[in-house]
Structures are given as C-alpha cells and as structure tokens.
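Okay, here's what each chain looks like letter by letter:
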Amino acid sequence: MTAPAAVATPLRVATWNINSVRLRAPLLRQVMDELNPDVLCLQETKTPDEHFPHEAAEALGFTHRIITGMKGYNGVAVLSRLPLTRMPDWQDWCGKGDCRHLGVSVDLPGGPMEVHNFYVPAGGDVPDRGANPKFAHKLDFLAEVTAWTAARGPARRSVLVGDLNIAPMEHDVWSHKQMLGVVSHTPVEVEAMGRWIAAGGWYDALRHFVPADQKLYTWWSYRAKDWRAADRGRRLDHVWVSQDLAGGLRRHAVLKDARDWPQTSDHVPVLMEIVV
DNA sequence: ATGGTCGTACAACGA
C-alpha cells in the first residue's frame, strides 16, 4: 500500500511596485488583509538596505527577507513567511549595479521553488535606441536577461514576477492603436519580451485567468484627474510560472481598489495562488 | 497637441 500523497497547499505569491517602501510601509498591512501572501515581492523600494523597514515587515509575519536597495532609485525586496536562500548566480545587468533583480529559492515541503523578482527599466519617453539612452538601456537589459535565461535552460518549479514595464498584448493597454508608439507597448519591446518568455519557457499566469480579449491593467498614471473614470491603464506587472507549475494555478487577484488608498502607488498589488 | 502627478531629496531627474 502506498502512502497517501501530501495535501497540496497553494502558495500565495504577490508582487507590488510600492514606489518607496519607507513611505508606504504602513500600506503593507492592507495588502496582508486583502491578499495574505506567503511571499511578497516589491519593486522600486527606493531605499538603501540600512534603511529598509524590517520591523514593519517582521510584524506582518515576514520573518524571512532578502533585499537589495540603493538611495533614491530602483530597489527590489522579497519578503516571506517561508525560509529563503539567495540564488548564487546574481547578475549585474548592464553593469550598472542598479538593484533591479533578486533570485531566491523558497524552502517548500515539496522541494525548493525559485522566485525571480524583476524591475525592468522604464525606458524614458522616446522609443528610439539612438535618441534615448534610457530606451537603449531597457532593450539591452531585456537582451541580457534573455540570453541569461536561455543559457539556464527551461525554468522548473519557478515563478517570475515584477514590474516588467511592458504591456505586451492588445488588451494590456487602453488603446492598442494609440499606444503603439508609446514606450511600454512598442513592437520592439513586445518582441523583446516575447523572446524572454520563450527563452525560459515561461507561462503568462495572469492571462491564464483573464482571456486575451478582456482588458487587464495593473498600473494607472498619477496624472489622470480621475484614474478610474479615464481607465487608461496598462498591464506592466506580470506573473510568469514555469510550465510544470501551470497546472497548479488556482486563483489570481489584481487589487484594483489599492489604487484608491490614501498616498498609494501608481501600481496595484497582484496575487497568484499556486499549488506547488 | 499638450500637460497632467508623484518620490527623492532639495535641484532635477526618473517614472
């Protein structure tokens, strides 16, 4: 007689571009109340490691934390209820030392699972490599990450989340036609993202739940008078899973109401529940 | 067609 299979408990992974972790640490309580993630990946923490609000994270049950931050810009963090190990093959993308990626291993009963937390360069305003060094940096970053991904081979027991600053599909933006020349939705960026996702054999977990013909956004500009009425959003934040985890996808949530919180980020938290 | 708002850190830059 065989032993009964272990009961699979879904893991809850969330991602949020928090746009300053020091300013918005109090909002993490609301993220926990609404989404209750086991692993929370943050981008744009904008904080040197010595000033990270560890106490606030600890108080929410995130006893394991791996962070990489710098003064004023960028910065990513992985907060977890489960033990984490930083992955050894850290890359300094484009040689800039700008704290845009953490790869961690999460200690789970069924074996370790990789979590990659990315903050891809926004790319500035002009979608021209020659005229705009920030756009060149974005494309170079994507090319480097894609080459690294291809060299590692297809992802297994892995999740990739973050602010990837690209809205690849027609209904990831409010107007495909009007956005074709706007950085985040240009064909050259969308193609670069396509090469990245193919290189890792990644699976777009949010679009597993929301059909391609339905609008799906995770970001709304601060500049709109009434962001909800205008609803000119973009899907800049992503959750990708390795093919072997696609069958374990159980539920997603895009916490749109967070966009109305007092002094909130222009991105909203996104949750994925996965049996691993 | 343009300007619109944030955060960091104190002028200007990045988004």
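Residues numbered from 1 in each chain as written. Chains lettered and ligands numbered in written order. Predicted model: local features only at pLDDT ≥ 70, side-chain atom pairs only at ≥ 80, totals over all residues. Heavy atoms only, no water.

Q: Account for the overall build of chain A, with residues named and values stated.
A: Assigned secondary structure in chain A consists of nine helices and 12 strands. Expected size for 276 residues packed as a compact globule is a radius of gyration near 19 Å; at 18 Å, chain A falls within 12% of this value. Projected onto its principal axes, the C-alpha coordinates of chain A cover approximately 65 × 40 × 40 Å. With 276 residues in all, chain A has 54% of them scored as buried. For chain A, the proportion of contacts with a sequence separation of at least 24, taken over those separated by at least 6, is 70%. Carbon and sulfur atoms provide 53% of the accessible area of chain A, an area that totals close to 12200 Å². Here chain A contributes 31 positively and 32 negatively charged side chains, and the mean placements of these two sets differ by 3 Å. (Helix = DSSP H or I, 4+ residues; strand = E, 2+ residues; numbered from the N terminus. Rg over C-alpha atoms; globule rule 2.2 N^0.38 Å. Buried < 20%, exposed > 50% of the residue type's maximum accessible area, 1.4 Å probe, protein only. Contact = heavy atoms within 4.5 Å. Areas by Shrake-Rupley, 256 points an atom, 1.4 Å probe, with all protein chains shown as cover. Lys, Arg positive; Asp, Glu negative; His and termini not counted. Charge placed at Lys NZ, Arg CZ, Asp CG, Glu CD.)

Q: I'd like to hear about the environment of Ser80, residue by residue, with values.
A: For Ser80, the location among the structural elements is in strand β4 (residues 76-80). The sequence separation of Ser80 and Arg259 amounts to 179 residues, and the corresponding C-alpha distance is 24 Å. Discounting chain neighbours no more than four positions away, the residues touching Ser80 are Asp38, Val39, Gly61, Phe62, Thr63 and His64.

Q: Could you give an account of the layout of surface pockets, with specific residues and numbers?
A: When its volume is computed, the largest pocket comes out at roughly 910 Å³. Along the walls of the largest pocket sit 30 residues, with Ala122, Gly124, Asp125, Asn165 and Trp219 positioned nearest its centre. Considering every element that reaches the lining of the largest pocket, the biggest residue donor is helix α4 (residues 133-152), with three residues. (1 Å grid on protein atoms, 1.4 Å probe; cavity = no way out; pocket = protein on both sides within 12 Å on 5 of 7 lines; lining within 4 Å. Points joined across faces, edges and corners; volume = space filled by probe spheres on them.)

Q: Which residues make up helix α6 (residues 187-200), and what values go with them?
A: Helix length check: α6, at 14 residues, gives a terminal C-alpha distance of 20 Å against a target of 20 Å (1.5 Å per residue), a fit within 8%. Tucked inside the fold, the buried residues of α6 contact β7 (113-119), α4, β8 (158-163), β9 (202-204) and β10 (237-242). Just past α6, the residue Gly201 takes up positive phi, approximately 65 degrees. (Expected span 1.5 Å × (residues − 1).)

Q: Explain the UniProt feature "domain: Endonuclease/exonuclease/phosphatase" (unreviewed entry) in chain A to me, using residue names and the numbers behind them.
A: Here the UniProt feature "domain: Endonuclease/exonuclease/phosphatase" (unreviewed entry) sits at residues 14-267. The span residues 14-267 is 27% helical and 22% strand by assignment, and the distance between its end C-alpha atoms comes to 13 Å. (UniProt positions renumbered as here; feature names shortened; annotations may be inferred.)

Q: Explain the sheet that holds strand β3 (residues 64-68) to me, using residue names and the numbers behind them.
A: With mixed pairing, six strands are arranged side by side in an open sheet as β3-β4-β2-β1-β12-β11. Strands with a single pairing partner mark the edges of an open sheet, and in this sheet they are β3 and β11 (249-254). Averaged over all adjacent pairs, the angle separating strand axes in this sheet is 10 degrees, with direction ignored. As defined by bridge partners, strand β2 (residues 39-43) adjoins β4 across five bridges and the pair is classed as antiparallel. Across the sheet, Val39 pairs through a bridge with Ser80, a residue of β4. Across the face of the sheet, helix α2 (residues 28-35) comes into contact with β1 (10-17), β2, β11 and β12 (270-275) while running at roughly 145 degrees to β1. (Pairing = 2+ DSSP bridges. Axes fitted to C-alpha atoms, helices over the stretch in contact; angles between N-to-C directions.)

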